[in-house]
Amino acid sequence: MRADRLVAALLLMQSRGRITAAELAEELEVSVATARRDLEALSAAGIPVYPQQGRGGGWSLLGGARTDLSGLTAAEAQALFLLVGPAAAIAPEVKSALRKLVRALPQTFRAEAEAAASAVAVDPARWGEHGRRRPELVDLLQRATVQRLKVRLSYAGRSKERTERLVDPWGLVDKDEVWYLLAGTDKGQRTFRVDRIAEAVVTDQPFERPAGFDLTQAWERVVDEVERHRSTLSATVLIHARLVPVLRDHFGRHCEVEATQDDGRARVRVAAPTPLMIAQQLAGWGALVEVVDGPEVRAELARLGAELVALHGTPAAGSPQGPARDT
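Just so it is clear, the model here is predicted, and its values are computed rather than measured. (Residues numbered from 1 in each chain as written. Predicted model: local features only at pLDDT ≥ 70, side-chain atom pairs only at ≥ 80, totals over all residues. Heavy atoms only, no water.)

Draft legend 1. View of the overall build of the protein chain. When its secondary structure is counted, the protein chain shows eleven helices and twelve strands. Sorting the 327 residues of the protein chain into buried and exposed places 34% on the buried side. Within the protein chain, contacts between residues separated by at least 24 positions form 58% of all contacts whose residues are at least 6 apart in sequence. For the protein chain, the exposed surface amounts to about 20,900 Å²; the carbon and sulfur share of it is 52%. (Helix = DSSP H or I, 4+ residues; strand = E, 2+ residues; numbered from the N terminus. Buried < 20%, exposed > 50% of the residue type's maximum accessible area, 1.4 Å probe, protein only. Contact = heavy atoms within 4.5 Å. Areas by Shrake-Rupley, 256 points an atom, 1.4 Å probe, with all protein chains shown as cover.)

Put into structure tokens, the structure is as follows:
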């Protein structure tokens, strides 16, 4: 029998106490014969379930035995459905799984769980932007990760030159709708942007994750390393304190308030890989931001300003206002 049906059958017996093959078939959307075989397979596998014949009969867990699968408190059930609920709108498999889980919960939790599942909607696109499409290779890489099978990649890095790699897919990360693959290679752990993978073929070669590997911790180390490279140059600026949150939205974690002055302006340190990148972020602020430390950034701002004046400055008196037009 399929593992998902085994889990569902156990959950249903635990929540209801007793279930018939017909009821299980209806819940799992299979035939009564298949449901009966599943229940018999559970018993044959050593799970403490037994049938009771006659009117009011059915299958039960022996002696009220319990699994740990639905031992959720009301708060835990709400947290689970709040987390998973938004995904049901875009993934039919998630919607089906949620429906089955709701049915398996104790009756007192069901209404709140259903409300939690529909309480949040996620719109990943920023205002004025289209949402990014999930790369088609994500599903393939997820299966390879779960099945612990090596994958042969054709990868185009920043240089756009394709290289062939045989990797162990350790895990996938979705960071602001950009997907990354953390994988083991013959040179150690590497990170691949999924949208730069031109082709991926799952092999029949198995692999083992390193002992003690934790995907979340591994990704945090990747982020720390990337952010260190992104903050190699800094500048200090003065900006009104009420505008600091807006500035932080531009620079993220590379925006640190050092002090607040008597005139209401905050002294803020911002950072980026190059002076030009800092200047480009600050140029649109005009006189609202003053760079007080960072001569390279000041020079870039002056250059950008001169370019803008040359291109868009007010023409001298008597000169044409713009390109001549036919009338």
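That was the structure; now back to the text.
Draft legend 2. Structural detail: the sheet that holds strand β4 (residues 149-156). Within the open sheet, the five strands sit side by side as β7-β6-β5-β4-β8. Their pairing is antiparallel. Only two strands of the sheet have a single partner each, and these edge strands are β7 (188-193) and β8 (197-206). Each adjacent strand pair in this sheet contributes to an overall mean axis angle of 45°, direction not counted. Relative to β8, β4 is paired through six bridges, and the arrangement is antiparallel. The partner of S154 across the bridge, within β8, is E199. (Pairing = 2+ DSSP bridges. Axes fitted to C-alpha atoms, helices over the stretch in contact; angles between N-to-C directions.)

Draft legend 3. How the structure looks around the nonpolar core. Of all hydrophobic cores here, the largest spans 21 residues; its most connected members are L247, V268, V270, I278 and L282. Looking at this core, the elements with two or more residues in it are β9 (233-240), α9 (244-251), β11 (265-272), α10 (275-283) and α11 (295-312). Beyond its immediate chain neighbours, meaning those up to four positions away, V268 contacts A235, T236, V237, I239, V244, L247, C255, E256, V257 and E258. Listed in part, the 17 residues of the second largest apolar core include L137, L141, L153 and F192. (Core = buried A, V, L, I, M, F, W, Y, C linked by side-chain atoms within 4.5 Å.)

Draft legend 4. Helix α8 (residues 215-230), seen in detail. In this model α8 runs 22 Å from its N-terminal to its C-terminal C-alpha over 16 residues, within 8% of the 22 Å that 1.5 Å per residue would give. Looking at α8, one finds that the buried residues are A218, W219, V222, V223 and E227. Residues of α8 that are buried make contact with β5 (162-175), β6 (178-185) and β7. Near the N-terminus of α8, the side chain that reaches the backbone nitrogen of T216, with its oxygen 3.1 Å away, is that of D214. (Expected span 1.5 Å × (residues − 1). Polar contact = N/O pair within 3.5 Å; in protein donor to acceptor, adjacent residues only side chain to side chain.)

Draft legend 5. Representation of the packing of aromatic side chains within the structure. The final tally for this structure, using the stated rule, is three aromatic pairs. Ring centres of Y180 and W219 lie 5.2 Å apart, and the angle between their planes is 40°; this geometry places the pair in the tilted category. Here the residue Y180 occupies a position in strand β6, and W219 occupies one in helix α8, the gap between them amounting to 39 residues. Overall, the relative accessible area of 13% leaves W219 in the buried class. (Phe/Tyr/Trp six-rings, centres within 6.5 Å; stacked < 30°, edge-to-face > 60°.)

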